[in-house]
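Structural overview
Each chain, written out:
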Amino acid sequence: MATPLSASRIVAALKAEGVKVVEVDGWRTRNRNHKGAWGPVNGVMIHHTVTSGTKASVDICRDGYAALPGPLCLGVIAKDGTVHLVGNGRANHAGSGDDDVLKAVIAERATLPAPNENNTDGNTHFYGFECVNLGDGKDPWPPAQLDAIKRASAALCRAHGWSERSVIAHKEWTNTKIDPRGFSMKDLRAGIEQQLTGEPQPQQKDDDMALTDADLDKIARRVWALSGDDPLKGGTAKVSKEMMLWGMAGRLQRVETAVAAQAATIDKLVDAVAAGPAPDLDALKTEIRQAIEGISATVRLDVEN
């Protein structure tokens, strides 16, 4: 049981957990607080949107529709893992559910009771994340999206001092819903538990990934292939910037030599035509073709392992 986080604390918590956040215009003051209580909060609820496309999903979760005004959640989690914040406060997402489930969440019990009555207002007690998915059991859940669901849930749990047991599915709250469909809440909670172990673990960006020795060897062979040599034959070695520059310099020198040879061949053709009598065209064609083939072989980039 806790006081809801402020908008700024929500953003800070999400970013600290490695979540990519988009703040949709007006989200900090968009809520349904005038229609009922917001807080004390006791957990996080996960949904699927039954929509496709990020923009369409964000728009409907922000604005709602005639029968259910927006916002419909705190944030929309897109297929690419981006969390679009659309509302801050009470939102129309959980609806009525079972008070026995709420008691189990508050006590952080390992097992939730099966919901069999709808006598408690879940919009008061749960943050909601709507996850873009058709909910047909066929629409895939990309790893980036599942990772973001884990991180976003962990962020709020960490901020409140909750465990993974404070994260539930809509279908675990009420017997009238089936979402989210397509992944295991047991697996999700296990991931959240791991995420909460120790300090927040930001996502590793692709451009931050370390190169292994095997990667460096592969790069070395490709670079040295440009100069016609492979210093790694018979062993392995880490590649220095100096080695790469040396290889590229050698390759450039060979290209310059090849271009000079091509220019000399063209000059020879021009001189022969201008001097008359008529040159042996077949012989010139053969000579030019051999020169071009030699240049092509020199210039070709060898990218084989």
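The rules behind these values
All residue numbers refer to position in the chain's written sequence, counted from 1. The predicted nature of this model means local features are confined to residues of pLDDT at least 70 and side-chain atom pairs, given and counted, to a pLDDT of 80 or more, with totals for whole chains, interfaces and linings taken over all residues. As a convention, hydrogens and water are excluded, and side-chain values are obtained from all of the structure's heavy atoms. For each structure, a 1 Å grid was placed over the protein atoms alone; sets of points admitting a 1.4 Å probe that cannot get out are labelled cavities, open sets with protein on both sides within 12 Å along at least five of seven lines are labelled pockets, and lining residues have an atom within 4 Å of a point. Grid points are joined across faces, edges and corners, and a volume is the space filled by probe spheres set on the points. Labels follow the DSSP assignment, with helices taken as runs of H or I lasting at least four residues and strands as runs of E lasting at least two, numbered in each case from the N terminus. Buried Ala, Val, Leu, Ile, Met, Phe, Trp, Tyr and Cys residues form a nonpolar core when they are joined through side-chain atoms within 4.5 Å. Under the scheme applied here, a residue whose accessible area is under 20% of the maximum for its type counts as buried, over 50% as exposed, and between as partly exposed, the area being computed with a 1.4 Å probe on protein chains only. Whether two residues touch is decided by their heavy atoms; if any such pair falls within 4.5 Å, the residues are in contact. Known as pLDDT, the predictor's confidence for each residue is given on a scale from 0 to 100. Any two strands between which DSSP finds at least two bridges are classified as paired. Axes here refer to lines fitted to C-alpha atoms; in helices the fit is confined to the stretch in contact. Angles between the N-to-C directions go from 0 to 180 degrees. In this description, the arc belongs to the directions extending from the helix axis to the C-beta atoms.

Reported here for the largest pocket is a volume of approximately 400 Å³. If you trace the largest pocket, you find 22 residues lining it, with Tyr-65, Leu-68, Glu-130, His-170 and Lys-177 closest to the centre. Elements represented by at least two residues in the lining of the largest pocket include exactly strand E2 (43–48) and helix H2 (54–63).

Core analysis: the biggest nonpolar cluster contains 37 residues, and Leu-14, Ile-46, Tyr-127 and Phe-129 have the highest contact counts within it. Residue assignment for this core shows that the elements contributing at least two residues are helix H1 (7–16), E2, strand E6 (83–85), strand E9 (126–131), helix H5 (143–160), strand E10 (167–169) and helix H7 (185–195). No other element matches H5, which puts 7 residues into this core. Setting aside anything within four residues of it in sequence, one finds Phe-129 in contact with Leu-14, Val-44, Met-45, Ile-46, His-47, Leu-74, Gly-75, Ile-77, Val-83, Ala-152, Ser-153 and Leu-156.

What follows covers the confidence of the model for the protein chain. A residue-level look at the protein chain finds 72% of positions with pLDDT of 70 or above and a mean pLDDT of 85. Low confidence marks residues 298–305, where pLDDT is under 50. Its contacts with residues over four positions away, or in another chain, come to 10 contacts.

Along the chain, Gly-70 falls in the loop between strand E4 (68–69) and strand E5 (75–77). With relative accessibility at 15%, the residue Gly-70 sits in the buried group. Residues Gly-70 and Arg-30, spaced 40 residues apart in sequence, show a C-alpha to C-alpha distance of 8.3 Å. When sequence neighbours within four positions are dropped, the list of residues in contact with Gly-70 reads Arg-32, Cys-61, Arg-62, Asp-63 and Gly-64.

The next subject is the sheet that holds E10. Strand order in this open sheet of 6 strands is E1-E6-E5-E9-E2-E10, and the pairing throughout is mixed. Both edges of this open sheet fall to strand E1 (21–23) and E10, since each of them pairs with a single strand only. Direction aside, neighbouring strands of the sheet carry axes that sit 25 degrees apart on average. Strand direction decides the pairing type here: E5 and E9, joined by 3 bridges, are parallel. Note on E9: the bridge partner recorded for Ile-77 is Cys-131. Set on the sheet, H1 makes contact with E1, E6 and E9; between it and E1 the angle comes to about 160 degrees. Sitting on the sheet, H2 touches E5, E6 and E9, and the angle it makes with E5 is about 160 degrees.

Moving on, we get to the pairing of E2. Most of E2 is tucked away: 6 of the 6 residues are buried. Here E2 shows a buried face lined by Gly-43, Met-45 and His-47 and a second buried face lined by Val-44, Ile-46 and His-48. Of the strand pairs in this sheet, E2 and E9 are connected by 6 bridges, and their pairing is parallel. Considered in E9, the bridge of Met-45 is made with Gly-128. Examined bridge by bridge, E2 and E10 share 3 bridges and lie parallel to one another. The residue bridging Ile-46 from the neighbouring strand is Ala-169, located in E10.

The buried count for E9 comes to 6 of 6 residues, which makes it a mostly enclosed element. Burial along E9 is two-sided: Phe-126, Gly-128 and Glu-130 facing one way and Tyr-127, Phe-129 and Cys-131 facing the other are all buried.

A word on helix H3 (residues 99–106). Every buried residue of H3 is accounted for by Val-101, Leu-102, Ala-104 and Val-105. Seen along its axis, H3 keeps its buried residues to an arc of 160 degrees; they face one direction. Just downstream of H3 lies Glu-108, where phi reads positive at about 50 degrees.

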